[in-house]
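Single-letter residue listing:
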Amino acid sequence: MTQTSEDVTWLTQEAYTKLKDELAYLSGPAREEVTQKIAAAREEGDLRENGGYHAAKEEQGKQELRIRQLTQLLEKAKVGEAPAASGVVAPGMVVTIAFDGDEDDTMSFLLASREYASSDIETYSPQSPLGMGVNGKKVGEDAQYELPNGKLASVKVLTAEPYNG
């Protein structure tokens, strides 16, 4: 099966390594810890009213979900360098846009998957309406994207610089 660019998640080597390490921990030591918690709670007796058992099972479910998410993400991941400062919007870039061309009404964000998300800057996925609208646009170009109410919003790309976070 061939992958389209929408199927691929571009990651830096650092992000890829971090996610692989998280997957290894969750699949190994963390899985063993939660299994031990469940076993210990089972030994306490009646499972219907055993809060520790139910909490451990819930933790196990969340952990297994994260393991599946990481596995799928890493299967589709491509490791690469941050994009060059070419003036063209691409994943891995910090983009500044002006709403309706009004340079007093601007917003900057990182165009990247949520694994890049940082508390320092808002992150929009390349698959989001705004992300799809600006992806591939050059600095100075106008872009449109669909709002949740179905109307089109217009923005102008002011800057597109590689993210150095």
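Residues numbered from 1 in each chain as written. Predicted model: local features only at pLDDT ≥ 70, side-chain atom pairs only at ≥ 80, totals over all residues. Heavy atoms only, no water.

## Quick word on the confidence of the model for the protein
Item 1. Mean pLDDT over the protein: 83, with 85% of residues reaching 70 or higher.
Item 2. Within the protein, the element-level pLDDT minimum falls on strand E1 (residues 9-11), averaging 68, and the maximum on strand E6 (residues 142-146), averaging 93.
Item 3. A low-confidence stretch, residues 1-5 (pLDDT under 50), is modelled with five contacts involving residues beyond four sequence positions or located in other chains. (pLDDT = per-residue confidence, 0-100. Helix = DSSP H or I, 4+ residues; strand = E, 2+ residues; numbered from the N terminus. Contact = heavy atoms within 4.5 Å.)

## What to know about the pattern of salt bridges
Any two side chains of opposite charge can pair if their charged atoms end up close together.
Item 1. What the rule picks out here adds up to four salt bridges.
Item 2. Across the salt bridge formed by Arg 66 and Glu 22, the nearest N and O atoms sit 2.9 Å from each other. Taken together, the positions of Arg 66 in helix H3 (residues 51-76) and Glu 22 in helix H1 (residues 13-27) put the pair 44 residues apart, joining distant regions of the chain.
Item 3. You can call Glu 22 partly exposed: its relative accessible area is 28%.
Item 4. Close ionic contact of Glu 58 with Lys 62 constitutes a salt bridge, the shortest N to O distance being 3.3 Å. Of the two residues, Glu 58 and Lys 62 both sit in helix H3, four residues apart, roughly one turn of that helix.
Item 5. Here Glu 58 falls in the partly exposed class, since its relative accessible area comes to 49%. (Salt bridge = Lys/Arg side-chain N within 4 Å of Asp/Glu carboxyl O. Buried < 20%, exposed > 50% of the residue type's maximum accessible area, 1.4 Å probe, protein only.)

## Digging into the packing of aromatic side chains
Item 1. Taken as a whole and assessed by the stated rule, the structure comprises one aromatic pair.
Item 2. Centre to centre, the rings of Phe 109 and Tyr 124 are 5.1 Å apart; their planes meet at 70°, and the pair counts as edge-to-face. Of this pair, Phe 109 sits in strand E4 (residues 106-111) while Tyr 124 sits in strand E5 (residues 123-124); the two residues are 15 residues apart in sequence, bridging distant segments of the chain.
Item 3. Residue Phe 109 is classed as buried on the basis of its relative accessible area of 0%. (Phe/Tyr/Trp six-rings, centres within 6.5 Å; stacked < 30°, edge-to-face > 60°.)

## Considering the packing of H1 against H3
Helix-helix packing is characterised by the crossing angle of the two axes and by the distance between the axes.
Item 1. Two elements in contact, H1 and H3, have axes whose closest approach is 10 Å; the angle formed by their N-to-C orientations is 145°. Crossing geometry of H1 relative to H3 is assigned as left-handed. Contact residues: Tyr 16, Leu 19, Lys 20, Glu 22, Leu 23, Leu 26 and Ser 27 in H1; Gln 63, Arg 66, Ile 67, Leu 70, Thr 71, Leu 73 and Leu 74 in H3.
Item 2. Per-class residue counts for the contact of H1 with H3 are eight nonpolar, three polar and three charged. (Axes fitted to C-alpha atoms, helices over the stretch in contact; angles between N-to-C directions. Left-handed = near helix turned anticlockwise from the far one by under 90°. Nonpolar A, V, L, I, M, F, W, Y, C, P; charged D, E, K, R; others polar.)

## Some remarks on the pairing of E4
Item 1. Pairing geometry for strand E3 (residues 93-99) and E4, over six bridges, is antiparallel. Its bridge partner lying in E4, Val 94 is registered against Leu 110.
Item 2. Counted along the chain from E3 to the antiparallel partner E4, the turn is six residues long, and its residue Asp 100 has a positive phi close to 50°. (Pairing = 2+ DSSP bridges.)

## Let's talk about H1
Item 1. With 15 residues, H1 ought to run about 21 Å at 1.5 Å a step, and its terminal C-alpha atoms sit 21 Å apart, in line with that.
Item 2. Of all the positions in H1, only Ala 15, Leu 19, Leu 23 and Leu 26 are classed as buried. End-on, the buried residues of H1 take up no more than an arc of 70°, which puts them together on one face. (Expected span 1.5 Å × (residues − 1). Arc of directions from axis to C-beta.)

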